[in-house]
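Structure assessment
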Amino acid sequence: MKTYLVGGAVRDSLLNLPVHERDWVVVGGSPEAMLEQGFRAVGKDFPVFLHPSTNEEYALARTERKQGQGYHGFACHYAPDVSLEEDLARRDLTINAMAQTKDGTLIDPYGGRVDLEARVLRHVTDAFSEDPLRVLRLARFAARFKRLGFSIAPETQRLMQTIVASGELTTLPHERLWQELHKALGTQHPGEFIAVLAQCGALQQLLKVDNTGPTTFTPWTDTLNQSAMLCRNTTHHIAAWLLRGSKQPTLKDVLPALTSQFGLPKRIVEHIAQLRVHPELQAAPNAEAPDSVFNSLRDCGALKQGEGFADLLSTAAHLARIDNHEQTNNRSEWLALAEMCREIGRGNVEANLTGPAVGQAIEQARREAVANALAAND
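Presented here is a report on the structure given in the accompanying data block. Throughout this description, residue numbers start from 1 for each chain and increase along the sequence as written. Totals for whole chains, interfaces and linings use every residue, but because this is a predicted model, local features are given only for residues with pLDDT of at least 70 and side-chain atom pairs only at 80 or more, for both listing and counting. Side-chain figures throughout are based on the complete set of non-hydrogen atoms in the structure, without hydrogens or water.

1. What to know about the pattern of salt bridges
- Definition used for salt bridges: Asp or Glu carboxyl oxygen within 4 Å of a side-chain nitrogen of Lys or Arg. In the structure shown here, the tally under the stated rule is 20 salt bridges.
- Taking the shortest distance from any N to any O, the salt bridge between R140 and E180 comes out at 2.5 Å. Taken together, the residues R140 in helix α5 (residues 133-144) and E180 in helix α7 (residues 174-185) connect sequence positions 40 residues apart. Neither R140 nor E180 differs from the other in exposure class; each is buried.
- Three or more residues are tied together by salt bridges with common partners; here these are R62, E64, D87, R90 and R91. Here a strand is any run of E in DSSP of at least two residues, a helix any run of H or I of at least four, and the numbering for each starts at the N terminus. Three labels apply to residues, based on accessible area from a 1.4 Å probe with only protein chains included: buried if under 20% of the type maximum, exposed if over 50%, partly exposed otherwise in between.

2. Considerations on the pairing of strand β2 (residues 23-27)
- For β2, a buried count of four out of five residues is recorded, marking the element as mostly surrounded by other parts of the structure.
- Two strands are said to pair when DSSP picks up at least two bridges between them. Relative to β2, strand β1 (residues 2-6) runs antiparallel, the two sharing five bridges. Residue pairing for β2: K2 is matched across the bridge by V27.
- One ladder, built from four bridges, connects β2 with strand β5 (residues 57-60); its direction is parallel. Considered in β5, the bridge of D23 is made with E57.

3. With respect to the sheet that holds β1
- Ordered in space as β3-β4-β5-β2-β1-β8-β9, the seven strands form an open sheet in which the pairing is mixed. Sheet topology places β3 (40-41) and β9 (106-107) at the edges, where each strand pairs with a single neighbour.
- Bridge count for β3 against strand β4 (residues 48-50) is two bridges, and the pairing is antiparallel. Note that in β4 the partner of A41 across the bridge is F49.

As far as function goes, none of this settles anything; it's purely spatial.
Laid out in structure tokens, this is it:
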């Protein structure tokens with residue numbers, strides 16, 4: 001058996017970027033031989049093993065053949081006679097289709113190093129168009145490597161359009177779409193992810209706004225990139241995207257599709273809804289409107305234990321920074337009011353009250369406490 005370092009570790013090493021994980025391919029091996037050497041099998045669709053000491057992934061060299069829809073619609077063939085070149089040919093981009101021997105010798109049958117130096121994202125073979133998930137993966141790579149000056153090869157852009165025209169994007173499970181979106185939002189240029197998807201028509205298809213041209217989404221890309229300059233928080237980026245981006249397509253039209261198609265987590269959906277209804281959280285509590293302040297605390301879950309309200313305030317502060325507001329939302333003051341309200345309970349109202357009257361009395365006591373605290377701080 002021969003073992004080669006492959007994929008992202010080789011690419012990032014050549015780019016002088018940190019290598020966070022290493023993947024290996026084994027040529028001439030078999031599942032039985034791997035198990036005999038102490039490897040642990042973890043692959044479901046094809047043989048992948050964990051090294052007994054390093055826990056790094058080792059996969060048997062394989063080929064793939066399209067036989068159904070979606071990114072799962074492949075028949076994998078692995079055998080000792082599958083060559084390294086055949087294994088590399090099934091990969092998405094030339095820059096990801098390089099291998100390295102243990103002594104550091106580079107094996108590059110598809111010109112990945114040349115494309116690295118030219119800063120080009122190019123597909124390995126036309127089999128690229130068989131996997132719809134690669135449209136989103138490529139958009140994510142474009143976002144990740146935007147700062148290094150990478151661009152997509154014209155012939156690869158055409159293949160992306162072919163995938164969109166096939167309709168197979170709609171067969172992808174939302175958890176995989178969310179995974180790609182989530183990773184893209186963690187880059188320095190998340191707006192590039194949106195721009196690439198819009199350029200090939202994928203974004204319009206996934207969000208069900210097919211008659212919208214790519215330039216319509218420019219405010220989205222600009223807002224996301226601006227957000228990424230301030231932090232690396234996914235929730236903050238999505239809130240900025242949908243609450244500070246273009247009104248066309250509207251949030252009302254896009255949020256349901258984004259939730260159903262990309263599997264946007266419920267927590268983020270609720271965040272966006274609360275910030276949309278309660279923009280006052282972006283500023284300090286208004287001493288002249290104590291009832292409004294209390295209603296915001298109550299409606300946004302501040303009267304319950306947990307970190308939800310604190311997270312919401314952090315996102316509200318981020319939106320204020322997007323708007324170039326000099327005054328922050330005074331997070332500590334909001335949190336102090338919330339804690340004060342939570343401390344007011346059954347013991348703070350008349351003992352003879354029963355039923356709904358107890359809850360009403362507690363709420364009234366909390367309202368009065370908020371009003372008094374705001375007046376004292378004014």
